[in-house]
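Fold and geometry: a report
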Amino acid sequence: MPHQLSFDLPVQVALGEGDFFVAPANAQAYAMVTQGHWPEGKLALIGPPGSGKSHLGRVWADRQSARIRAAAALDPEAPLPPAGARLVIEDVEHLAPAAEEYVFHLHNHLRATGGRLLLTADRAPSRWPIRLPDLASRMQATSIAMLDDPDDRLLAALLMKLFADRQLAAPPDLIDWLALRIERSHRAAAQAVAALDAAALSLGRNLSVRLARDVLDKTRPPAP
Amino acid sequence: MTQDMWGQVRDILKGVVGANNYTNWIEPIEFGSISGGVATFFVPTNFIGNYVAQHYGDQIMYHLNRLGASVQRLSFAIAANAQRAMAPVARPSEPHDSGFPDPAAHIDPRFTFDSFVVGKPNELAHAAARRVAEGGPVSFNPLFLYGGVGLGKTHLMHAIAHELRARQPHLNVLYLSAEQFMYRFITALRDRKMMDFKQMFRAVDVLMVDDVQFIAGKDSTQDEFFHTFNALVDQHKQIIISADRAPGEIKDLEERIKSRLQCGLVVDLHPTDYELRLGVLQAKVEMYRGQYPGLSLRDGVLEFLAHRLSTNVRVLEGALTRLFAFASLVGREITLELTQDCLADILRASDRKITVEEIQRKVSDHYNIRLSDLIGPKRVRTLARPRQIAMYLAKSMTNRSLPEIGRRFGGRDHTTVMHGVRRIEELRATDSQISDDLELLRRALEA
């Protein structure tokens, strides 16, 4: 029987404030971003891929009507934002060396005019590959909010959200089954859900523990 | 009475849906009201609402009706933000958050001579800045301050501006960064207002340009800077310049500008020493007393930071700022342990992931048993307890799954691991020896 083709289409990810699940693993970061006092008007939001940095950044940006910019796409020739602007720069670890001077001036400008700057990255500022020492020291002096690996509660909620983002209704026992068996990380949860979605579609089967057992045993990475 | 009813429904559901599902989906729901046949609940996020509606909606409705309520429909609303967030934290007073009319003229109110901590490495620069700030006949023009990042160049310049404004308010003092100079120059060119630009700059009494190395390589800006510079020097107006290195070492800076910059007094700010760093931290703590009332700081923390963070003052101050913000958020005393946790990323050379093998090794060392016994099949108490402790640490300190941890403990089943983890969780609360051991092991592994 021919397999149903499945396409890796971008999923419709819910990024509203009401979609952000607050659990002990991310409560501190959530509180710092949304209601905490940011020393010097800046904050670095650090977490592994898929941990909700962009989501939380979006929640803040919506509240503050801040603009969101990807670090890799910053134009070094662009004019500086207006005084007191609120800005999110995402994935600072991908900042191009050519844009470092621009970010330096941008940072000083926002600080001097009472603006706010939220930086997101997958590692702490002291590990960002920044060559301009003036910028590096300013980044290192930034306060940090950390999104860590999810705890068990958050992992279950995360799995559920990932299924919901794909318009899939996962039965409760499947969530439980997965939460006990996958690695406790955002990436592992995303991979498991993607694999199950693809398998359910191509095999024409419903999401279930049996399907998960068949699919995930095959895709489990060999123990290093 | 309806809250009671919801309590009863919850108890029934607890038995029906299983403990895990209950904690994940039912517990987070708060009962709102029943009116017009619609029962309203508050949920922390949209998808929990959707999920509960899909999977447990019928059951909830059934039990509510069975208990005498008349409900035809369930509605889920997002709980108010206040309820979702953590307990309210003591919010430090915002120092200043208002916009400034002219960003170029902005002088940071915190950067004064009083707040500048003087030590051996910066005493010469400080003395020169003081001298210039006292006014009087221009003794050295320009004053050129240089030094690595975060050693206090900008602080001294702002302090001079404060002092001049206080002593001689009639003087026209202009402080700006090299980048702002360039921006104004380019804007003037574009808007054909070069005359205004020249007039404005030549009318100042004291000109301060910060981080002048940023105009290097930008030819027409350099040119204009040179002319402005000469015009002011000719009128005996004071100029103060800062850069990250000595004038002669700035790459792509025109020779004539270099020699001009060198003809005044050139002073450098040396890297900090331990005493100066400690002094900076102590001054900063005094400043924070007002902003974070009620925070307490253990002895030894400042010494530890001054010893460990020797790169530059900005990073040092940033670390202290982070520490205070974090401690006030979690409402804890600032101890050495809290400091190490909060600043792990700058205190440690690399982010290393702890492995299950490391945990096994540390635990077997700690309890003085062989690694092979820890992993092996023997079930005597002297081995089983350390094994459970290692399992607990593996579960909480790594992100490995239960089956994966089981495999690394001699191919045990994931339910065995789960049992071990639960057992230690229980013991931890009652047995102080075990909780001490756990703390000790965790520290040793994270060190």
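Residue indices follow the written sequence of each chain, beginning from 1 at its first position. The lettering of chains begins at A and the numbering of ligands begins at 1, in the order of writing. Totals for whole chains, interfaces and linings use all residues, but because this is a predicted model, local features are given only for residues with pLDDT of at least 70 and pairs of side-chain atoms are given and counted only at 80 or more. To get the side-chain values, all heavy atoms of the structure are used, and hydrogens and water are removed first.

Considerations on the overall build of chain B
Put simply, DSSP H or I for four residues or longer makes a helix, DSSP E for two residues or longer makes a strand, and each gets a number counted from the N terminus. Of regular secondary structure, chain B possesses 21 helices and eight strands. For chain B, the spread of C-alpha atoms along the principal axes amounts to about 90 × 70 × 40 Å. Residue exposure (1.4 Å probe, protein chains only): buried if accessible area is under 20% of the type maximum, exposed if over 50%, otherwise partly exposed. A total of 447 residues make up chain B; the buried ones form 51% of that total. Counted over contacts in chain B with a minimum sequence separation of 6, partners at least 24 positions apart contribute 72%. Total accessible area computed for chain B in this model is approximately 21400 Å², and 50% of it derives from carbon and sulfur atoms. The charged-residue count follows a simple rule in which Lys and Arg add positive charge and Asp and Glu add negative charge, with His and chain termini not counted at all. By convention, charge coordinates are those of NZ in Lys, CZ in Arg, CG in Asp, or CD in Glu. Each charge class in chain B can be summarised by its mean position, and for the 55 positive and 53 negative side chains these summaries are 6 Å apart. The contact definition used throughout considers only heavy atoms, calling two residues in contact when any of these lie within 4.5 Å. In this description, accessible areas are obtained by the Shrake-Rupley approach with a 1.4 Å probe, and a residue is regarded as covered only by the protein chains that are shown.

Quick notes on the interface of chain A and chain B
Of the residues lining the interface, 63 residues belong to chain A; the matching set on chain B comes to 74 residues. Two parts placed together each lose some accessible area; with a 1.4 Å probe, that loss summed over both constitutes the buried area. Here chain A and chain B share an interface that buries about 5700 Å² over both sides, 53% of which is from carbon and sulfur atoms. Among the residues chain A hides against chain B, the three largest losses belong to Q35(A), H37(A) and R127(A). Together they make up 12% of the total. The rule for a salt bridge is simple: a side-chain nitrogen of Lys or Arg has to be within 4 Å of a carboxyl oxygen of Asp or Glu. At the boundary of chain A with chain B, the tally comes to five salt bridges. R111(A) is the salt-bridge partner of D108(B), the closest N and O atoms lying 3.2 Å from each other.

Section: the domain arrangement of chain A
Residues and elements named next belong to chain A. Entries for chain A in the domain assignment read domain 1 (26-146) and domain 2 (152-219). Between domain 1 and domain 2, the C-alpha centre-to-centre distance is 33 Å. Here domain 1 packs against domain 2, burying approximately 310 Å² in sum over the two surfaces, 63% of which is carbon and sulfur. Where domain 1 meets domain 2, there are zero salt bridges. Of the residues contributing to the side of domain 1 that touches domain 2, the split by class is two nonpolar, four polar and no charged. For the purposes of this description, domain bounds are those given by an automatic or database domain assignment. Three residue categories are used. Nonpolar comprises Ala, Val, Leu, Ile, Met, Phe, Trp, Tyr, Cys and Pro, charged comprises Asp, Glu, Lys and Arg, and polar comprises the others, including Gly.

Focus on the packing of aromatic side chains
Residue and element names in this part refer to chain B. Stacked, tilted and edge-to-face pairs are distinguished by plane angle, under 30 degrees for stacked and over 60 for edge-to-face with tilted covering the rest, among Phe, Tyr and Trp rings (Trp via its six-membered ring) whose centres lie within 6.5 Å. According to the stated counting rule, one finds 17 aromatic pairs over all chains in the structure shown. Taken together, a centroid distance of 4.8 Å and an interplanar angle of 55 degrees make the contact between W6 and F41 tilted. Residue W6 is located in helix α1 (residues 2-17), and its partner F41 is located in strand β2 (residues 38-43); the two are separated by 35 residues in the primary sequence. The exposure class of W6 is buried, given its relative accessible area of 4%. Here F181 and F201 contribute two aromatic rings whose centre-to-centre distance is 5.1 Å and whose plane-to-plane angle is 70 degrees, an arrangement assigned as edge-to-face.

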